[in-house]
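The residues making up each chain are set out below.
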Amino acid sequence: MSYTISHVPAATFASLQTQSIANVANAQAITYDTTIEADGISLASSSRIVFSRPGNYALSFSAIAHDSSSSSAKWFNIWLSKDGTNVANTSTYISTSNSAPQTVVATFIISVTAANQYVELYMAGETTGSQILFTAASAGGGGIPAFPASPSIVVAVWQASN
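Okay, so let's go over this structure. Keep in mind that what you see is a predicted model, and the values were worked out from it rather than measured.

This part is about the nonpolar core. By size, the foremost hydrophobic cluster in this structure holds 29 residues, and its most contacted members are I49, F51, L59, F61, I78, L121 and V155. Only strand 1 (10–15), strand 6 (48–51), strand 7 (55–67), strand 8 (74–82), strand 11 (102–112), strand 12 (118–125) and strand 14 (153–161) provide two or more residues apiece to this core. Setting aside anything within four residues of it in sequence, one finds I49 in contact with F13, Y32, I41, S42, L43, L59, Q117, Y118, V119, V155 and V157.

Here it is, written out as C-alpha cells:
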C-alpha cells in the first residue's frame, strides 16, 4: 500500500525589526524582512502575503506588543486585511506598557477565491511609542543563558483545504 501526499502551499515570514506606529491617526501594514520558508505562497511589497491558488488557508501569527513611551497601559490593535479591505471581526486588542510587553497569538481561516489574492496584517496604537518589539539574541553569560532572537512578528500560512 502506498500513499501520495499532495502538495500543500505553505509559508512562514518574520520581521527582525522593531516596528513602531508612525502616526496614531493612520493604520499601517506590518512588514516582513525574513522568509523562513515559502512554497506556493509569496511575499510582495514586504507586507502582502500572496496566494498562488484558491482554497481555504489558515494564518497564524505571534507578535510582541509593547509601548516604549508610557508606564501606564496603552491600547494596540492588530487585524487582517484581504485585498486592501479590513476583514470584519479580526482585530486583536492588546493593552501594553513599557514595563509589560504582551505576546499576541491569533489564527484566522481565509477563503481565497482566485490566484494572486493577498492578505496583510495591519496595526494601530494609542501612541507613537506603540510597537511590535524585536529582541536580539543573547550570547549568554553573567547568569543569563544563551537564547535566540525573538522576531517582532512571525506569521505562518498554509492551505487547510481546497
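All right, on to the packing of aromatic side chains then. Across all of its chains, the model carries four aromatic pairs by this definition. Both rings, one in F51 and one in Y57, keep their centres 4.4 Å apart while their planes meet at 45 degrees; by these two values the pair is tilted. The class of F51 is buried, set by a relative accessible area of 1%. Ring centres of W79 and Y122 lie 6.2 Å apart, and the angle between their planes is 20 degrees; this geometry places the pair in the stacked category. Here Y122 lies in strand 12 and W79 lies in strand 8, a separation of 43 residues in the sequence.

By the criterion of burial, strand 12 is predominantly enclosed, with seven of the eight residues buried. In this sheet, strand 12 lies alongside strand 3 (residues 28–29) in antiparallel orientation, the contact comprising two bridges. Of the residues in strand 12, the one forming a bridge with Q28 is M123. Pairing of strand 6 with strand 12 involves two bridges; the strand directions are antiparallel. Bridged to V50 within strand 12 is Y118. Bridge count between strand 8 and strand 12: seven bridges; the pairing is antiparallel. Within strand 12, the position partnered with L80 by the bridge is L121.

It is worth spelling out the side chain of Q117 at this point. Secondary-structure assignment places Q117 in the loop between strand 11 and strand 12. Given the relative accessible area of 13%, Q117 is considered buried. Polar side-chain contacts of Q117 include one of 3.3 Å to the backbone nitrogen of A114. Apart from residues lying up to four places away in sequence, Q117 is in contact with I49, V50, F51, K82, D83, S111 and V112.

This part covers the side chain of T96. Tracing the backbone through its elements, the reader meets T96 in strand 10 (residues 92–96). When its relative accessible area of 2% is taken as the criterion, T96 is described as buried. Separated by 3.0 Å, the side chain of T96 and the backbone oxygen of A100 make a polar contact. Excluding its chain neighbours within four sequence positions, the residues that come into contact with T96 are A65, H66, D67, S72, A73, K74, P101 and Q102.

Basis of the calculations
- Residues numbered from 1 in each chain as written.
- Predicted model: local features only at pLDDT ≥ 70, side-chain atom pairs only at ≥ 80, totals over all residues.
- Heavy atoms only, no water.
- Core = buried A, V, L, I, M, F, W, Y, C linked by side-chain atoms within 4.5 Å.
- Buried < 20%, exposed > 50% of the residue type's maximum accessible area, 1.4 Å probe, protein only.
- Helix = DSSP H or I, 4+ residues; strand = E, 2+ residues; numbered from the N terminus.
- Contact = heavy atoms within 4.5 Å.
- Phe/Tyr/Trp six-rings, centres within 6.5 Å; stacked < 30°, edge-to-face > 60°.
- Pairing = 2+ DSSP bridges.
- Polar contact = N/O pair within 3.5 Å; in protein donor to acceptor, adjacent residues only side chain to side chain.

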